[in-house]
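Inside the fold
The residues making up each chain are set out below.
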Amino acid sequence: MQTFRGPVGAGALGRTLIHEHVFVGSTELDVNHPHPEWDEDRAVALAARQLTELYRLGVRTVVDLTVLGLGRDVARVARVAQQVPVHLVASTGYYTADVLPPFFGTHGPGRLVGGPDPLVEFFVGDIEVGIAGTGVRAGMLKVVTDAPGITDDVARVMTAAAVASRQTGVPITTHSRPDLRNGLDQQAFLRAAGVDLSRVVIGHCGDSEDLPYLRSLMDAGSTIGMDRFGMEHVLPDERRVAVVLELLRLGYADRMVLSHDAATFSRVTPPSWRAAHAPHWRFETIPRRIVPMLLDGGASPEEIERMLVTNPARILVPA
Ligand SMILES: [Zn+2]
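Residues numbered from 1 in each chain as written. Predicted model: local features only at pLDDT ≥ 70, side-chain atom pairs only at ≥ 80, totals over all residues.

**A word on the sheet that holds strand E3 (residues 15-24)**
What links the strands of a sheet is backbone hydrogen bonding, and the strands pair in either a parallel or an antiparallel sense. Read from one edge of the open sheet, nine strands run E10-E9-E8-E7-E6-E5-E4-E3-E11, paired in parallel fashion. Every interior strand has two partners, whereas the edge strands, strand E10 (256-258) and strand E11 (263-266), have only one. The sheet shows a mean angle of 30° between the axes of neighbouring strands, direction not considered. As defined by bridge partners, strand E7 (residues 172-175) adjoins strand E8 (residues 200-203) across four bridges and the pair is classed as parallel. Directly across from threonine 173, in E8, lies its bridge partner valine 201. Set on the sheet, helix H5 (residues 118-128) makes contact with strand E5 (87-93) and strand E6 (138-144); between it and E5 the angle comes to about 160°. (Pairing = 2+ DSSP bridges. Helix = DSSP H or I, 4+ residues; strand = E, 2+ residues; numbered from the N terminus. Axes fitted to C-alpha atoms, helices over the stretch in contact; angles between N-to-C directions. Contact = placed C-beta atoms within 7 Å.)

Okay, structure coming up:
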C-alpha cells in the first residue's frame, strides 16, 4: 500500500479513515484571491496537530481524497506527513460534477491537439510513478457524479478511472448523491467499463436513510461510504448511526466503511463557517463520539474493527 512515506503492509494500516481531506482549495483562486483565513504555515501546523491527535485516538491511516479540481497540492500535504505518525494516502482522479477545464477539450484522441487521453496518463502516472515530482504515489482513484448526471466529461473521467483501476489494481471511490440514488448509475457505468464492483466504494451513502437503496449497492458487490459523520447540517449523527446499526443487524458489516469527509482547511466551507455550523465535522468525531454511539446502540467491537480496519485494508490493498 502506497503512502506519503512510502509503501506499508496491509497489516500496518490499522484503523483507517478512507474519505477525508487535509486541505481543500481552488488553485487558481488561491493564487489570485487568497482566502482571508488561509495562512500556509499555520494551516500545516494545525493539520499536523489534528492528525497527531487522531493517532493518539487510535487511528493509523487517513486517505486524502483531494484530487484534481479540489486544489490538490501533494508537496504541501507532504510537509504535514513528515510531522505526523499516521499514514497518509494520496489519491488521484478528477472532481467535476459537469465539465472539465478547456485543456481537456483540445487534448485526447480525435481532438484539436490530439494525443492519448491526458486523464489516463495523469491517473496512471500518479499511481505508478508519483505525483508532481514528489515521488508520492496515489493509492485511490476518485470520480464524481452529482445532479447533472453522467455528462460527457464526467463519463470521460469515469472511463479514465476505470482504465487506471484495471491497469493498476487501485480501487475507485465515488462522490455520489444518494438522494438521487445515482450510486446505481455509477455502478452500471463502472461495471460496463470492466471494473469489479468489489473494488468500488460508493461514497457519501451515509447521507441517506434509504435502506433498500443502500442494500442494493452492497448486494451488487460494492462497499458503501458512511463517510460524512459530523456533517450534521446534512443529516444528524444520531440518524447516521441508526442507519449503520440497522445495516449491521441486517448483516452488512463487511460492506461499510466509516469516515467524515472532513478537512483541516477547506475553502468551500472555511474554518469560521465550520466552527459555527458544523462543530463535530472533524477528524476526531468517529473515535471520540461515533464509536461509543455505535457500541451503545448494540454494535460489537468486532463489527467496529471490520468497518474501520478490515474493510479499508481489503479495499486499499490490491489483490
Ligand atoms: Zn470528499
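**Side note on the UniProt feature "binding site: Zn(2+) 2" (unreviewed entry) in the chain**
Per the UniProt entry, the sites bearing "binding site: Zn(2+) 2" (unreviewed entry) are Lys142, His175 and His204 in this numbering. In three dimensions, the annotated residues from a span of 63 residues occupy one location, with a maximal C-alpha spread of 12.4 Å. Structurally, the position occupied by lysine 142 is in strand E6. For lysine 142, a count of 28 C-beta atoms within 10 Å corresponds to the buried category. Among residues more than four places away in sequence, those in contact with lysine 142 are Leu65, Val67, Ser91, Gly93, Tyr95 and Thr173. By secondary structure assignment, the location of histidine 175 is in strand E7. Since 23 C-beta atoms lie within 10 Å of it, histidine 175 is described here as buried. (UniProt positions renumbered as here; feature names shortened; annotations may be inferred. Buried ≥ 20, exposed ≤ 12 C-beta atoms within 10 Å, placed from the backbone.)

**Some details on the packing of helix H9 (residues 237-249) against helix H11 (residues 285-296)**
Their axes nearest at 10 Å, the elements H9 and H11 cross at an angle of 45°. Taken together, the axes of H9 and H11 lie oblique to each other. Of the two possible hands of crossing, H9 and H11 adopt the one that is right-handed. Listed contacts from H11 to Asp237, Val241, Val244 and Leu245 of H9 are Arg289, Ile290, Met293 and Leu294. Classifying every residue of the contact of H9 with H11 by side-chain character gives six nonpolar, no polar and two charged. (Parallel < 35°, antiparallel > 145°, perpendicular 65-115°, else oblique. Left-handed = near helix turned anticlockwise from the far one by under 90°. Nonpolar A, V, L, I, M, F, W, Y, C, P; charged D, E, K, R; others polar.)

**A short note on the nonpolar core**
Counting 86 residues, the largest nonpolar core has Ala161, Met256 and Leu258 as its most contacted members. Sort the elements by how many residues they give to this core and helix H6 (residues 152-168) lands first, with seven residues. Beyond its immediate sequence surroundings of up to four residues, alanine 161 is in contact with Gly93, Phe123, Leu141, Val143 and Ile172. (Core = buried A, V, L, I, M, F, W, Y, C linked by C-beta atoms within 7 Å.)

**Looking at H9**
In this model, H9 (13 residues) spans 18 Å end to end at C-alpha, consistent with the 18 Å of a helix rising 1.5 Å per residue. Those residues of H9 that fall on the buried side of the exposure criterion are Asp237, Arg240, Val241, Val243, Val244, Leu247 and Leu248. For H9, the angular spread of the buried residues around the axis is 160°, confining them to a single face. H9 presents Glu238, Arg239 and Arg249 as exposed residues on the side facing more than 90 degrees away from its buried surface. Lining the buried residues of H9 we find helix H8 (211-219), strand E9 (223-226), E10, H11 and helix H12 (301-316). (Expected span 1.5 Å × (residues − 1). Arc of directions from axis to C-beta.)

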